[in-house]
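Structural overview
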Amino acid sequence: MDLNLLKEEELASLRQLLTTAKNIVICAHRAPDGDAMGSSLAWMDYLNGTGKTNVKVCMPDATPDFLHWLPGSNAVIRYDRRPREVERIFKEADLVCCLDFNQPSRVDAMQEALESSEAPRLLIDHHLDPDEGCALAISRPDMSSTSEIVFRLICQLDGFETMTRQCAECIYCGMMTDTGGFTYNSSRPEIYYIIGQLLTKGIDKDEIYNRVFHNYSTNALRLRSHIILNKMKVVEELHASYYTVTKEDMTQFHFVKGDMEGLVNIPQQIKGLKLSISLREDTEKQNTVLVSLRSCNGFHCQPMATKFFNGGGHADAAGGKLNCTLEEAEQVVIKALLYYKDQLKTKVL
Ligand code: 5GP
Ligand code: MN
């Protein structure tokens, strides 16, 4: 099966960037998820295997608990913990690899450090609207995940033979998490061919699923149930649902980062639902509401995220942020639903 993504001249330019680089930094978006972490660590593993001895992975903030098992995860340097060190790494880098994000603003507080670097930037990503200031942008919104792109690049760079099990685990984790365990964005045959290839490296896919998806604390499961039971609102005629999560909800169930991960997908289990929105108070910043959107059944939430929630993302999985109270954010949701009411109203056959 032909997995090649790059045209000859792009491949030559990628090879050129990699050959000349000694000090390499890899970074991904804030609140890194399975794909951000998986693709970054796989890319690091690959680069190490080609003899690069100074490859650093820098993330803006905490990596979730359920990803700490990822090989190489303990080498990640967090900007929120060690800002000076991360600034120095960016300054000394001669190649900056931006994985799983499209625009520098997606690394939040780390943006200045990233932009202060004079090194060429290599972007490997599957979000829409890639940053134009890169030496080489490998932007493929048609791919399931950045991890899938990384796998294909490694193959195109003739690195499959020597790919380690650890690298394969990271790639599998990223592909699995960005497709909700291969339940969306996952109908291309290449994906299953790639999984077959990864299995030849000795990965245990069932174990990876367990580690990632069966990792809730009792409190987390109760918090999630509480939100669906008591907080979820369904606007039946618009095939839409939304819920709010207050600081009190989170305190009551001893919230820790990651506990709400993926909950926004659950309302999509309602027959015919097109749109699910999560509004969560930021536990760290005052007057900040974190917004997650998911869509299906022919509606696409990405334009809504851009227009109403200062964000963006993928066609059917987007996010954003509002600087207001939760009550005000709820009003924005209602406005957004009304704005798109004609598209939302039509019934799915
Ligand atoms: P989540 O709901 O899982 O936080 O985010 C889903 C997707 O939305 C992410 O993969 C990312 O592409 C996008 N996203 C989340 N927050 C933002 C944001 O603030 N700005 C932009 N442009 N995209 C976001
Ligand atoms: Mn991704």
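Think of each chain on its own: its residues are numbered from 1, step by step along the sequence as written. Written order decides the labels, with chains lettered from A and ligands numbered from 1. Given that the model is predicted, a residue must reach a pLDDT of at least 70 before its local features are reported, and side-chain atom pairs must reach 80 or more before they are shown or counted; all residues, however, enter totals for whole chains, interfaces and linings. Processing note: side-chain calculations cover all non-hydrogen atoms of the structure and skip hydrogens and water entirely.

The protein appears in an unreviewed UniProt entry as DHHA1 domain protein from Prevotella veroralis F0319.

Re the side chain of Arg152
Threshold: Here a helix means four or more residues in a row that DSSP labels H or I, a strand means two or more in a row labelled E, and each is numbered from the N terminus. Exposure categories follow from relative accessible area, calculated using a 1.4 Å probe and restricted to protein chains: below 20% of the type maximum is buried, above 50% is exposed, and the middle band is partly exposed. Only heavy atoms matter for contacts: two residues are in contact if any of them lie within 4.5 Å across the pair.
In this structure, Arg152 sits in helix H5 (residues 146-156). The class for Arg152 is buried, based on a relative accessible area of 3%. Other than its neighbours up to four places away in sequence, Arg152 contacts Leu3, Leu5, Met143, Arg188, Glu190 and Ile194.

Structural notes on the pairing of strand E8 (residues 240-245)
Definition in use: Pairing between strands requires that DSSP locate at least two bridges from one strand to the other.
The element E8 is largely enclosed, with a buried count of six among its six residues. Here E8 shows two buried faces, one formed by Ala240, Tyr242 and Thr244 and the other by Ser241, Tyr243 and Val245. Where strand E7 (residues 233-235) and E8 come together, three bridges link them in antiparallel fashion. Among the inter-strand pairings, Val234 is bridged to a residue of E8, identified as Ser241. Connecting E7 to the antiparallel partner E8 that follows it, the hairpin turn spans four residues, and His239 within it adopts a positive phi of roughly 50°.

A few points about the coordination of the manganese ion (ligand 2)
Here is the rule: Distances decide who is a donor: an N, O or S atom must be within 2.8 Å of the metal, or within 3.2 Å for Na, K and Ca. Water is not included, so sites may look incomplete.
Around the manganese ion (ligand 2), the protein contributes the donor atoms Asp35 (OD), Asp100 (OD), His126 (NE2) and Asp178 (OD), which lie 2.2 to 2.4 Å from the metal centre. Mapped onto the sequence, the donors of the manganese ion (ligand 2) take the spacing D-x64-D-x25-H-x51-D. Pair noted here: His126 is in the loop between strand E5 (121-125) and strand E6 (136-139) and Asp178 is in helix H6 (residues 165-178), with a separation of 52 residues, a long-range link. Grouping residues by exposure puts His126 and Asp178 together as buried.

Points about the environment of Gly159
Within the secondary structure layout, Gly159 lies in the loop between H5 and H6. By relative accessible area, which is 5% here, Gly159 ends up buried. A C-alpha to C-alpha distance of 8.8 Å links Gly159 and Gly49, two positions 110 residues apart in sequence.

A look at the sheet that holds strand E9 (residues 275-281)
This is how it is decided: Angles shown run from 0 to 180 degrees and are taken between the N-to-C directions of axes, each axis being a line fitted to C-alpha atoms and, for helices, limited to the stretch in contact.
Across the sheet, which stays open at both edges, the six strands sit in the order E7-E8-E9-E10-E12-E11 with mixed pairing between neighbours. One side of each edge strand has no neighbouring strand; the edge strands of this open sheet are E7 and strand E11 (312-313). The sheet contacts of helix H11 (residues 302-309) involve E9, strand E10 (289-295), E11 and strand E12 (317-322), and relative to E12 the element is tilted by about 5°.

Comments concerning the site of ligand 1
To keep things clear, this is the line we draw: One heavy atom within 4 Å of a molecule or strand is enough for the residue carrying it to be called near that molecule or strand. In protein, a polar contact means a hydrogen-donor-capable atom and an acceptor-capable atom, both N or O and within 3.5 Å, with residues adjacent in sequence counting only if both atoms are side-chain atoms; elsewhere, any N or O pair within 3.5 Å suffices. Per-residue and other accessible areas follow the Shrake-Rupley method at a 1.4 Å probe size, with only the shown protein chains counted as cover for residues. For this classification, Asp, Glu, Lys and Arg are treated as charged, while Ala, Val, Leu, Ile, Met, Phe, Trp, Tyr, Cys and Pro are nonpolar and the rest, including Gly, are polar. An automatic or database domain assignment provides the domain bounds reported here.
Taken together, 13 residues form the shell around ligand 1, and within it His127, Ser292, Arg294, Gly312 and Ala318 come nearest. Gly319 is positioned such that a nitrogen or oxygen atom in its backbone is 3.1 Å from an oxygen atom of ligand 1. Surface burial for ligand 1 is 77%, taken as the share of its 500 Å² of free accessible area covered by protein chains. Those elements giving two or more residues to the shell around ligand 1 turn out to be E10, E11 and E12. When residues of the shell around ligand 1 are assigned to their parent elements, the largest contribution, four residues, is made by E12. Tallied by class, residues from the shell around ligand 1 come to two nonpolar, eight polar and three charged. When residues are assigned to domains, the shell around ligand 1 turns out to be shared by domain 1 (6-211) and domain 2 (218-343), each giving three or more.

A short note on the sheet that holds E5
If you trace the six strands from one edge of the open sheet to the other, you get E3-E2-E1-E4-E5-E6, paired in parallel fashion. Edge strands, defined here as strands with exactly one partner in the open sheet, are strand E3 (77-78) and E6. Relative to E5, strand E4 (residues 95-99) is paired through four bridges, and the arrangement is parallel. Residue pairing across strands places Val96 opposite Arg121, the latter belonging to E5. Running at roughly 170° to strand E2 (residues 54-59), helix H2 (residues 34-49) makes contact with strand E1 (23-28), E2, E4 and E5 of the sheet. Along the sheet, H5 contacts E4, E5 and E6; its crossing angle with E5, the most-contacted strand, is approximately 115°.

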